[in-house]
Structures are given as C-alpha cells and as structure tokens.
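Chain residues, written in single-letter form:
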Amino acid sequence: MVTSARNELESISRAAYNALIFEVRLSPKPGLVDERNNGSHSDMSVDTFLSSADALLPYFINYAKLGYEHADDDMGALFIKLRDEGILAEEAMFNATNGVNTHKGANFTFALFLGALGFIFKKNGPSVSVQKNELFDIIKQLADGLMNDFERENLTNGISTYKKYGAKGVRGEAIMGYPTVQRLLENTSIDENDKFYWHKLLLEIILFAEDANLLHRGGREGLKYAQNLSSELLNSDFQDFENQMIEVDEKFIEKNLSPGGSADLLAIIYFLNKLNLN
Ligand SMILES: CC(C)(COP(=O)(O)OP(=O)(O)OC[C@H]1O[C@@H](n2cnc3c(N)ncnc32)[C@H](O[C@H]2O[C@H](COP(=O)(O)OP(=O)(O)OP(=O)(O)O)[C@@H](O)[C@H]2O)[C@@H]1O)[C@@H](O)C(=O)NCCC(=O)NCCS
Ligand SMILES: Nc1ncnc2[nH]cnc12
C-alpha cells in the first residue's frame, strides 16, 4: 500500500476516533454520559468512553485498510472480514471497559463506514471527494445479509428488541443505508455560531431514528416519551436552551432512558461532516 493511501486511511480513522470523543464530551445530553453526569448509567462515565475509544482506534484503522485491500472482493466477503475484525474490536472494547457496553453499536457503524471509505479510496484514488450516494450504496450492499442475524438463538438486546417490537435497531439503519444520517446530512449546514447546533441535531436524531436502546429500556411508551420531549424542545423558543436540555436530561434519567443509538448516529454525522463528501 502506497504511503499516501496509508496516510489517508489513518487520517479518516483518527477522524472517526475524534467523533467518538466529541460525542461523549457534548453536554448536556438527555440520559447519556457527558461532562455533566452519567445520565441513565451507573456503570459508565466519560473516562469509560475515552478508554473504549482508545481501544477501538487500531481497529478503525484496520477497517479502512480492509476496505482498501479487499476492494476487488465481493461485498459479502468484505462484510465477513469487517465483522470478524469487529468481533476482535468488541473484545478489546470490553477489556478496556471491564465488560461495559460503551460503543458496540458505534463500532459496528464505524466499521461499515470506514470499510466502505477504504473501498472507495482504492477504486477512485485517495483524497478523492467521496460521493454520498456511492458511500451509502456500498453500506447497503455490505449490510445486505444482516436480517439473518435475527434468526439467531442468542438473544442480545438488539435481537430481543426485534423479536418483541419488530425494531431492527442498528442493523435496520445499515440495511436501509442509514436514512436518518442521510436525511440530516442533507438538510443541515452547520452553523458554527449556533452553540447548541449539535444538541438540537441529537434531538432530531432521537425523533427520526428508532433507537433500540430506548425501546429496550422503556418499551414503545419510553421511545414515544423520549421523542415527544425531543419534539417539544425542538419546537420551543430556545429562550433558555441549556436549562431546557438539563430538564429533559432529568426526565430521561427518571425513566432510566438512554438514547445510545442516537448518540452513535450523532458521532457518525459529525465524522461525515469532516470528510469531503459531494
Ligand atoms: C450488529 C451488532 C453490533 C449488534 O449487536 P446486538 O444485537 O448485541 O446489539 P443491538 O442492541 O442490536 O445494537 C447494538 C447497538 O447499536 C446502537 N443502536 C441501537 N439502535 C440504533 C439505531 N436505531 N441506530 C443506530 N445505532 C443504534 C446501540 O449502541 C449504543 O448504545 C450502547 C450503549 O448504550 P446502553 O444502553 O448501555 O446499551 P446496553 O448496554 O446494550 O443496554 P443496557 O444493558 O445498559 O440497558 C452502545 O453499544 C452504543 O454504541 C445499541 O446498543 C453485532 O451483532 C455485531 O455485528 N457485532 C460484531 C462486531 C461488529 O460490529 N462488526 C463490524 C461491522 S460488520
Ligand atoms: N454518551 C453516551 N452515553 C451513553 N450511551 C452511549 N452510547 C454512545 N454514546 C453514549
């Protein structure tokens, strides 16, 4: 692999790592770990997420390299290589967090995006401006066989949520090409002067995505409650936005709600905004 390609792959992998750091440090967030509190989590803090991100960075680089090195393979073969590497990454994450699930979903999502970007860099050359449509189309191809996961016997939170509510969680997002990410990437140009831009974006993600964490913790009622609070705040006059967000955080915590999936989608949107997407 030529040096310029390696540098590009390492650069986007570090950008993905930085997106995880940005997300956990964004404060206040509803029900989630941030600089103010640990949200609806007794087993996680900012430091847990920082240790987790450090453990994942080497695997992020490997995902991008796998996409680059296997660009001539079929998508099914590339997906299997990404999933195998992702399982090793999950082990490293759990070792770094003493068994706490900080970034399982984020690891999955970034593996798909970094693998797809490595694939595109090999096909089109590095430092190319990536076409959004091509990126999301490759993601959908990689995710094509994911529905088979739901036949599994071992009931993870995601598979239990599917069997109970029909919600496909992060797998569903990948199979559909991350529609919430596409919708928010298209419709919003970042207003650097808006101190609460990212807070508002997180509320929109909670509103549009079907967050399996909210379903797993609060059922359909809990998901609806979280979405109603997010909608109310988005439709308010933002006169006292920070305190309004703190109030929403307290209400999520009261009901033990945590939109972890939505936090991951915020991180991937932050990451994609740093790339030269067309
Ligand atoms: C594909 C897998 C990663 C799915 O594994 P699993 O079935 O075990 O997990 P799921 O519950 O289905 O989802 C995993 C996480 O995905 C996030 N998520 C959920 N809904 C959405 C959504 N609509 N859009 C995007 N992302 C979504 C969410 O992850 C975040 O939350 C977790 C932390 O919150 P917490 O509440 O603590 O979560 P839990 O500990 O599960 O609950 P509690 O016990 O605390 O109540 C954290 O993971 C965040 O990232 C979901 O949790 C897996 O099968 C897989 O493929 N693994 C192989 C390795 C791999 O990833 N391969 C590489 C690519 S192929
Ligand atoms: N900041 C956060 N708090 C809780 N769960 C999360 N999953 C991803 N980011 C998270």
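Attention here is on the structure that accompanies the text.

The rules behind the values
Residues numbered from 1 in each chain as written. Chains lettered and ligands numbered in written order. Predicted model: local features only at pLDDT ≥ 70, side-chain atom pairs only at ≥ 80, totals over all residues. Heavy atoms only, no water. Helix = DSSP H or I, 4+ residues; strand = E, 2+ residues; numbered from the N terminus. Expected span 1.5 Å × (residues − 1). Buried < 20%, exposed > 50% of the residue type's maximum accessible area, 1.4 Å probe, protein only. Near = heavy atom within 4 Å. Polar contact = N/O pair within 3.5 Å; in protein donor to acceptor, adjacent residues only side chain to side chain. Areas by Shrake-Rupley, 256 points an atom, 1.4 Å probe, with all protein chains shown as cover. Patch = residues over 30% accessible without salt bridge, like charges linked within 9 Å, V, L, I, M, F, W, Y side chains within 5 Å. Salt bridge = Lys/Arg side-chain N within 4 Å of Asp/Glu carboxyl O. Lys, Arg positive; Asp, Glu negative; His and termini not counted. Charge placed at Lys NZ, Arg CZ, Asp CG, Glu CD. Phe/Tyr/Trp six-rings, centres within 6.5 Å; stacked < 30°, edge-to-face > 60°.

**Regarding helix 4 (residues 104–124)**
Part 1 of the reasoning: Between the first and last C-alpha of helix 4 there are 30 Å, a value that for 21 residues agrees with the 30 Å anticipated at 1.5 Å per step.
Part 2 of the reasoning: The buried fraction of helix 4 is high, at 16 of 21 residues.

**Some remarks on the site of ligand 1**
Part 1 of the reasoning: Around ligand 1, the surrounding shell holds 35 residues, and the nearest of these are Arg83, Glu90, Lys104, Thr156 and Asp264.
Part 2 of the reasoning: Between Lys104 and ligand 1, the recorded distance is 2.5 Å, taken from a side-chain N or O atom to an oxygen atom.
Part 3 of the reasoning: One of the side-chain nitrogen or oxygen atoms of Asn157 is found 2.8 Å away from an oxygen atom of ligand 1.
Part 4 of the reasoning: For ligand 1, whose accessible area on its own is 1200 Å², the fraction buried by protein is 91%.

**As for a negative patch on the surface**
Part 1 of the reasoning: The grouping of Asp240, Glu247, Glu250 and Glu254 at the surface amounts to a negative patch.
Part 2 of the reasoning: Relative to the helices and strands, Glu254 is located in helix 11 (residues 241–254).
Part 3 of the reasoning: Take Glu254: its relative accessible area is 65%, and that puts it in the exposed class.

**A closer look at the packing of aromatic side chains**
Part 1 of the reasoning: What the rule picks out here adds up to twelve aromatic pairs.
Part 2 of the reasoning: Relative to Phe241, the ring of Phe238 has its centre 5.2 Å away and its plane inclined at 70°; by these criteria the two rings are edge-to-face.
Part 3 of the reasoning: Judged by relative accessible area, which is 29%, Phe238 ranks as partly exposed.
Part 4 of the reasoning: Here Phe241 falls in the buried class, since its relative accessible area comes to 3%.

**Regarding the pattern of salt bridges**
Part 1 of the reasoning: Per the counting criterion, the structure on display carries eleven salt bridges.
Part 2 of the reasoning: A salt bridge links Lys29 to Glu23, with the shortest nitrogen-to-oxygen separation between them at 3.5 Å. With respect to class, Lys29 is no different from Glu23; both count as buried.
Part 3 of the reasoning: Close ionic contact of Glu210 with Arg220 constitutes a salt bridge, the shortest N to O distance being 3.0 Å. Of the two residues, Glu210 is situated in the loop between helix 9 (197–208) and helix 10 (212–234) and Arg220 in helix 10; the sequence distance between them amounts to ten residues.
Part 4 of the reasoning: We classify Glu210 as partly exposed; its relative accessible area is 32%.
Part 5 of the reasoning: Here the salt bridges share partners, and the residues they tie into one network are Arg83, Asp149, Arg152 and Arg171.

Honestly, that's just the spatial picture; any functional story needs more than this.
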